[in-house]
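Examination of the molecular architecture
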Amino acid sequence: MSAHSSEVKVFVRTRPTACFAQDLIEYLPDKQTVNVRHRRESRKGVVNNQMSSWSFKLDGVMHNMSQEEVYQSVAHSVVLRALEGYNGTIMCFGQTGAGKTYTMTGATESYQQRGIIPRALQEVFYEVEQRVDHTFSVFLSFLEIYNETLVDLLASIKRGRAVQGGALTIVEDPGGGVSVKGLTLHPVHNEEEAFNLLFEGEMNRIIGEHALNKNSSRSHCIFTIHIESRSRTLSDAPYVTSKLNLVDLAGSERLSKTGSEGQVQREALYINRSLSFLEQAIIALTDRRREHVPFRQSKLTHSLKDSLGGNCNTVLVANIYGEAAQIEETLSTLRFATRMKCVRTQPSINEHIDPALQVRRLQKEIQLLKQELSLHDTLANRAVVPNESLSDRQVDEIKSQVQRYLAGTLDEIMIVSIRQIQEMFTQFKKAVQEQEQKVKEQLSQKYSLVEKSENSIQSSTAAAAKEPVGAVGSVGEVESGFGLGLAAPSQKHTQASSPNKSKGKKIKENSRKDVAQTSGPAEGVTVNQRETDALTPNCEPEDLEAPPVDQEEHKKKIDSPPCKFEAFEDFKLGRGSEINRILKENKSVLLERMDQLHKLTQAINSCKRDIDHMSSELQLCREQRQSQGQFVGEKGEPVLEEAELILLVGLREKKDQYRQSYEELLSTKAEVRYCQHLVDQCRIRLLTEFESWYNESFLLPEEVQTIFSEGGPIRPGLIPVDKALNLEADEQEQFQRLRTELLAEGPSAVSFYNAHNRTVQRRQQANSSQS
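1. Considering the overall build of the protein chain
- In terms of helices and strands, the protein chain carries 24 helices and 20 strands.
- Of all 771 residues assigned to the protein chain, the portion counted as buried reaches 32%.
- Counting only carbon and sulfur atoms, one obtains 52% of the accessible surface of the protein chain, whose full area is about 48900 Å².

Encoded structure:
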């Protein structure tokens, strides 16, 4: 699809502060213009009271706006167009501590304060559920650029697939875009899976501390959502792909203000240098006379090549401070935003044709061309020319014709088809090669080799290298001086100097023979016999004698607690009977919902087949009506026949039934997931309480059990079972109350907090394992 040019949209967002410099920064009522006044500082003892003012015209000014309003202004349209097949990029730029990470990611502890990335993920999956006519595949990747080094933030998760594998390198795509070779792509099917990956990557990011920001991002991060959409109703429709880059750039720093030292200072140098290269690329893009844009100067500009002036809808958010002390950095950020607004992109839909569908189209086109050629031959009163491959009989006939033509018994060969011409040239080539071979054999039999000078030997060696392989063996047999069938001394020396090679070759041949001999009978052995043979130890008779039994160990084994399997069965009949009963009930409900889901799936498939059948019949009726002529009403509308009208009404009813069944299917899927969650929770609780009961009944000392029974002091880390059950009941009530509050915040709040809690638990486990 042809691309149309569009400008990069630029917004400015001010970090909330109690010391906003109203006398220096002014926002006009049109919410697009920013006026900045700056008093130059006195230098070298000379006081300069001159005021300088600047005016910046942007696409929007976001001052004292909520996260929801920022998302609707900046990212809503970009996300929707990404679902339609357009690439999109949203990036945050500004000085350190200006709120870029807060704008892009938000506060992970609060659902209401979530940023652009979580909200974009929610909207993507919401639209996926609403667009029932298409099937979507969503993949996520998370790239970090730290000190000019590419890092995969999701490499710790093993279920992703790497793009071409190997080390992380930026490569150019044939279509003009770029991709990162070796970066893992992780498939996601719902919001909670996407939030898990997002928070996992955020946990792996590198942060530092300086005077302006306690949690400063020390790297550039690119969170990419890859979307693929295919039509459910049209089998020959092309599928579309898109990628949405959500870029959180590290902030520019002035070392005089941040006071960075050591490693933080080194990171700041890399950050400032990459941002400087980014600005150079923007300046080159705005200059229409420039033919070369330095994208390869840094990893950041190279990875964002297609986002800057390429096939992409690009939006920039310039984050600034509103304080007077940061006015110079604010001016620098606004100048960059103004240059970025002059960059133009060419967004277009990324349509692709399925290779299998393209093969079918080409086969159909070939068949039509064959039919057209056959019709053309018939109209020209010519014999039908076969277009298929030549048979063996036809090849032999062409070979005979070529031989007779060369012998002079045939004056001319009748040309019938292109395939005949190609085969004829092949036979001519073979005839020439056979004649050359005969001449060489005759010369080798008539003449013998003589001594030659060094130059002649080199020239003859070069000529022999150009000869065919079949001629070399015949010449070697007539070499006099070494005997018939014997190799030259140089060849003997070569073979003698490498006996290991020939020996290794014999060993390989023998091993192949052994494998061939043993592979036959081994196939008749069953799997159990093989496992038995493999597990049977090869012991001598004296090794089979039993070792002496220690009486104390034997006594300990007799006094040892019962196996957990038997104890677990007793626990389910006794103390854990209530939880076991709930687990069985939840399982039965889950099976019932799964059976209902299976029936709905079958019904939907049957309905879809009926729709396809009725659509084909309706199309056939329309073609017959158009070929036979159709009646037209008073208003010029075609009059339908009774059969066609019945089909049309039935098709509409089937489509309504399909939509209703599909909505019921989605609802049933949600119920199945919820029931599965309840079953998992019951199973975990049953196992947890069994472990507590088992430890208390068999593994704890008797004096500890006595203390519990008498209500005495409790040792640290040990809690009575009844108190533990009461605590779990309180936790369940608290969980239900929290779940009600989260559902009041929004339908996706539960998934958001579940993913955040898992990330916190993984972080705590990682810290405990390191300590």
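2. Some details on the packing of aromatic side chains
- Per the counting criterion, the structure on display carries 11 aromatic pairs.
- One aromatic cluster is present, formed by Phe568, Phe571, Phe690, Trp693 and Tyr694 through successive ring pairs.
- Directly above the ring of Tyr111 sits Arg114, whose terminal nitrogen or CZ lies 3.9 Å from the centroid.
- Over the aromatic face of Tyr239 sits the side chain of Arg230, whose NZ or CZ is 3.9 Å from the ring centroid.

3. A few points about the confidence of the model for the protein chain
- When pLDDT is averaged along the protein chain, the result is 75; 71% of the residues meet or exceed 70.
- Long-range and interchain partners of residues 703–725, a stretch whose pLDDT sits below 50, account for 19 contacts in this model, where long-range means more than four residues apart.

4. Some words on the side chain of Arg205
- Tracing the backbone through its elements, the reader meets Arg205 in the loop between α5 (191–204) and β14 (207–208).
- There is a polar contact of 2.9 Å between the side chain of Arg205 and the side chain of Asp248.

5. Some thoughts on the nonpolar core
- With 46 residues, the main nonpolar core has Val12, Met91, Leu308, Leu316 and Met340 as its most contacted residues.
- The set of elements that each furnish at least two residues to this core consists of β2 (9–14), β4 (33–39), β7 (88–94), β8 (134–146), β12 (178–181), α7 (263–286), β18 (313–320) and α9 (327–341).
- The element that contributes the greatest number of residues to this core is α7, accounting for 7 residues.
- Listed in part, the 44 residues of the second largest apolar core include Met62, Leu83, Ile227 and Tyr753.

6. Considering helix α2 (residues 76–83)
- Within α2 the residues assigned to the buried category are Val78, Val79, Ala82 and Leu83. Mapping the buried residues of α2 onto a view down its axis gives an arc of 140 degrees, with all of them on the same face.
- Trailing α2 by a residue or two, Gly85 shows a phi angle of about 115 degrees, which is positive.

7. Some words on the pairing of β8
- Burial of β8 is extensive: 10 of the 13 residues sit out of reach of the surface.
- Bridge count for β8 against strand β16 (residues 220–231) is 12 bridges, and the pairing is antiparallel. Paired with Ser141 across the bridge in β16 is Thr224.
- As paired strands, β8 and strand β13 (residues 184–188) are joined by 3 bridges and run antiparallel to one another. Bridge pairing links Val138 to Val188 in β13.
- In the sheet, β8 pairs with strand β9 (residues 149–152) via 4 bridges, with the strands oriented antiparallel. Residue pairing for β9: Ile145 is matched across the bridge by Leu150.

8. Structural notes on the packing of helix α1 (residues 67–74) against helix α4 (residues 116–130)
- Interaxial distance between α1 and α4 falls to 10 Å at its minimum, and their mutual angle equals 65 degrees. The hand of the α1/α4 crossing is right-handed. Where α1 approaches α4, its residues Gln67, Glu68, Tyr71 and Val74 are matched on the opposing element by Ile116, Arg119, Ala120 and Glu123.
- For the contact of α1 with α4, the per-class residue count stands at 4 nonpolar, 1 polar and 3 charged.

9. Notes on the environment of Glu7
- Locating Glu7 in the fold gives a position in strand β1 (residues 6–7).
- Separated by 308 residues in the primary sequence, Glu7 and Val315 place their C-alpha atoms 9.2 Å from one another.
- If we skip the residues at most four places from it in the chain, Glu7 touches Lys341, Val343 and Arg344.
- At 3.4 Å, the side chain of Glu7 forms a polar contact with the side chain of Arg344.

Conventions used here
As a convention, each chain's residues are numbered from 1 in the sequence order in which they are written. Confidence filtering applies because this is a predicted model: local features only for residues at pLDDT of at least 70, side-chain atom pairs given and counted only at 80 or more, and all residues used for totals across whole chains, interfaces and linings. As a rule here, side-chain values come from all non-hydrogen atoms in the structure, and water together with hydrogens is ignored. Secondary structure elements follow DSSP: runs of H or I no shorter than four residues count as helices, runs of E no shorter than two count as strands, and numbering proceeds from the N terminus. Any residue under 20% of the maximum accessible area for its type is buried, any over 50% is exposed, and the rest in between are partly exposed; the area is computed with a 1.4 Å probe on protein chains only. Note on areas: Shrake-Rupley with a 1.4 Å probe; residue coverage comes only from the protein chains shown. Classification of ring pairs rests on two measures: the distance between centres of Phe, Tyr or Trp rings, Trp counted by its six-membered ring, which must be within 6.5 Å, and the angle between planes, read as stacked under 30 degrees, edge-to-face over 60 and tilted in between. Only Lys NZ and Arg CZ are tested; either one counts as a charge over a ring when it is within 6 Å of the ring centre and within 35 degrees of the ring normal. What pLDDT expresses is the predictor's confidence in each residue, scored from 0 to 100. Note on definitions: a residue-residue contact is assigned when non-hydrogen atoms from the two residues lie within 4.5 Å. By the criterion applied in these results, polar contacts are pairs of N or O atoms within 3.5 Å in which, for protein atoms, one can donate a hydrogen and the other can accept it, and in which residues neighboring in sequence qualify only through two side-chain atoms. Among buried residues, those of type Ala, Val, Leu, Ile, Met, Phe, Trp, Tyr and Cys that are joined through side-chain atoms within 4.5 Å constitute a nonpolar core. Arc definition: directions from the helix axis to the C-beta atoms. When DSSP finds two or more bridges between a pair of strands, those strands are recorded as paired. Angles shown run from 0 to 180 degrees and are taken between the N-to-C directions of axes, each axis being a line fitted to C-alpha atoms and, for helices, limited to the stretch in contact. The crossing is said to be left-handed when, going from far helix to near helix, the turn is anticlockwise and less than a right angle, and right-handed when the turn is clockwise. As a working rule, the residues Ala, Val, Leu, Ile, Met, Phe, Trp, Tyr, Cys and Pro are called nonpolar, Asp, Glu, Lys and Arg charged, and the rest polar, with Gly in that last group.

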